[in-house]
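Structural overview
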Amino acid sequence: MIQLEHISAGYGGPLVVQDVSLDLKAGEVLVLLGPNGCGKSTLLKVIAGLQPPAGGQVLVDGQPAARLTRRQLAQKVTYLPQSRSVPNITAYRMVLHGRFPYLSYPRRYRPEDHAAARRALEQADAWELARLPVQTLSGGQRQKVYLAMALAQDTQTILMDEPTTYLDIQHQLDLLAFSQALAREGRAVVLVLHDLCLALRFAHRGAVMEEGRLLQTGTPEELFSSGILAETFRTPLNRIRTEGGWRYYYD
Amino acid sequence: MKSLRTSSTPELRPVGRVLAGLLLLTLLSALLSICLGSTFVSPSLIPQALLGQLSGTVEGQIIQFVRLPRTCGCLLAGAALAVSGAVIQSVLNNPLAAPNIIGVNSGAGLMVVLCSALFPQSVTLTPLAAFLGAFLGVLLVLLIAERTGASRITLALAGVAVSNIFSAGIDALVTFFPDAVLSYTDFRIGGLSNLSMDRIVPAFWVVLVSLILLISLSGEMDILALGRETAQSLGLPVKPLRLVLLALAAALAGAAVSFAGLLGFVGLIVPHIMRRTVGEDSLPLLLACALGGACLLTLCDLLSRVLFAPYEIPVGIVLSLAGGPFFIWLLLRQRGGRIS
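Overview of the structure. Note that the coordinates shown come from a computational prediction; the quantities given were computed from them, not determined experimentally.

**Section: the overall build of chain A**
If you tally the helices and strands in chain A, you get nine helices and 12 strands. Taken over C-alpha atoms, the radius of gyration comes to 18 Å for chain A, in line with the 18 Å a tight globule of 251 residues would show. Residues classed as buried in chain A amount to 45% of the 251 residues present. Of all intrachain contacts in chain A linking residues separated by at least 6 positions in sequence, the fraction that spans at least 24 positions is 66%.

Here you go:
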């Protein structure tokens, strides 16, 4: 699906991401973990083609991403940035824009795009919001609309940067459960999350970064057992077994 | 789950009706503009005058050589400035950005005065010079935005500084070449008296081509409005598109400045009102701005002629007197005074 080979990246000064190699797998929720400024968001932007790598390459379906046009890449990778403009348009229109990578000139949406937008809104449980202006929606409702937009883009890989920011706990749980549902459909879902406990609960695999370098990847159990998380975050981490599986918490 | 009509596209507002209403208002304002003034002209004479059947009469002369060029100039300049403002605000994602605020109009004005000083006989060069000046202004502001990641307020202030520098250039040129501008007051404030069709025609083609290109790029503008990163991730080539859009906005503003002078407020007020009326989908927004700008400028110009008839004041004064308080009221009403 997507392979990162020795990726380095930065913004003109010191490298923010250094020599990261990682595979994004279909059917998996991968969470990038690490302290602030460790390069998680930059790595996500490199995968989405928003930030050119200073070294290494991204392979998409075995093909170097650099050889793909921006439109071809947009048909393979969806990226939800942390901060977004909220234009005065309906939720439906916003979701419809997710079909833009599939439009040829003169960029008018076709019946199949409308059908895809409707399906996406229904899947994200947001069809009842379709007629409402996005600006009038709550944070949780907006997130549903953004997710629907991502679904309408219909790509095999979905990248989300801090998707739970500003959401209350119920909406955070809903969003992460939805990410798992997307993975079950065979997509690769990559999340940047700050809430370590939620990340470990919902991720199939985690990638721990520090100062731009990838320290370790593994299942939540493997990462916890190795002690890398407590070491990287400099905070003791504990867990407790419940009926639903392991739950992680700080002392 | 609530059921919605499956066949229809959920829309924010009845856009078609708003556009039809604006078209009607614009036509009405154009009719009033031709008929009213220091001398009343009956609407029934207009078709005959347009067909050249009144060429020997006073009414025919008034329509053909005074009212018609002036009304066409108002419609053209109003539409051009309003659409230019909407595009600049959209590209810079800044509601304070308007051609007169961020130095686009004054950049065009500087080049118009320079062109008039160096080539006083060349009417056709003026729109080109105006475009170059406007584009220079818009590029400077874009450069500031790109390099510094400036906030909305900082960007607007930088635009004001750029605008003042260009304005100082205009003053300096007029000092050295006093004959460069026929009526300096009209040019600085914005005025449409003494217009002739041969001054409007070159600008008309610039505006027409720019509008057609902008309408053809409205789909891309919709995506750009979602923010730079989202737009890029949807496959949009953001940087080249921003440049093209700003060049078209500069061409529109430059074309208006080339014959109407430094008109303010149209490019700021109209996009704000239309955005709240038809929403932010680019195609209806551009059309609504074109109609709204044309209508507003024509009505303000009419007021400038009839308020103190037979004397008239430059339309820029009416625009500022009407537009300034209205805009302050709008800001206070919508956002509790915050610029969002």
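Structure shown, so let's carry the discussion forward.
**Notes on the interface of chain A and chain B**
Of the residues lining the interface, 28 residues belong to chain A; the matching set on chain B comes to 27 residues. At the level of elements, α2 (70–74), β6 (77–80) and α3 (91–96) of chain A are the ones that each hand at least two residues to the side of chain A that touches chain B. Looking at the side of chain A that touches chain B, the element that brings in the most residues is α2 of chain A, giving three residues.

**Looking at the sheet that holds strand β2 (residues 15–24) of chain A**
All names here are of chain A. Read across the open sheet, the four strands follow the order β2-β1-β4-β5; overall the sheet is antiparallel. Lying at the two open borders of the sheet, with one neighbouring strand each, are β2 and β5 (63–64). Bridging between strand β1 (residues 2–10) and strand β4 (residues 55–60) involves five bridges; their strand directions are antiparallel. The partner of Ser8 across the bridge, within β4, is Gly55.

**Topic: the sheet that holds strand β8 (residues 188–192) of chain A**
All names here are of chain A. One open sheet holds the six strands; their spatial order is β6-β7-β8-β3-β9-β10, and the pairing between them is mixed. Each having just a single partner strand, β6 and β10 (213–218) make up the two edges of the open sheet. Each adjacent strand pair in this sheet contributes to an overall mean axis angle of 15°, direction not counted. The sheet contact formed by β6 and strand β7 (residues 157–161) spans four bridges and is parallel. In the strand pairing of β7, Leu80 is matched with Met160.

**What about the packing of helix α3 (residues 58–91) of chain B against helix α12 (residues 266–278) of chain B?**
All names here are of chain B. Contact geometry of α3 with α12 gives a least axis separation of 7 Å together with a crossing angle of 70°. In terms of their interaxial angle, α3 and α12 are classed as roughly perpendicular. Seen from above, α3 lies across α12 with right-handed handedness. Listed contacts from α12 to Gly78, Leu81, Ala82, Ser84, Gly85, Ala86 and Gln89 of α3 are Val266, Gly267, Leu268, Val270 and Pro271. Split by residue class, the contact of α3 with α12 holds seven nonpolar, five polar and no charged.

Parameters at a glance
Residues numbered from 1 in each chain as written. Chains lettered and ligands numbered in written order. Predicted model: local features only at pLDDT ≥ 70, side-chain atom pairs only at ≥ 80, totals over all residues. Helix = DSSP H or I, 4+ residues; strand = E, 2+ residues; numbered from the N terminus. Rg over C-alpha atoms; globule rule 2.2 N^0.38 Å. Buried ≥ 20, exposed ≤ 12 C-beta atoms within 10 Å, placed from the backbone. Contact = placed C-beta atoms within 7 Å. Pairing = 2+ DSSP bridges. Axes fitted to C-alpha atoms, helices over the stretch in contact; angles between N-to-C directions. Parallel < 35°, antiparallel > 145°, perpendicular 65-115°, else oblique. Left-handed = near helix turned anticlockwise from the far one by under 90°. Nonpolar A, V, L, I, M, F, W, Y, C, P; charged D, E, K, R; others polar.

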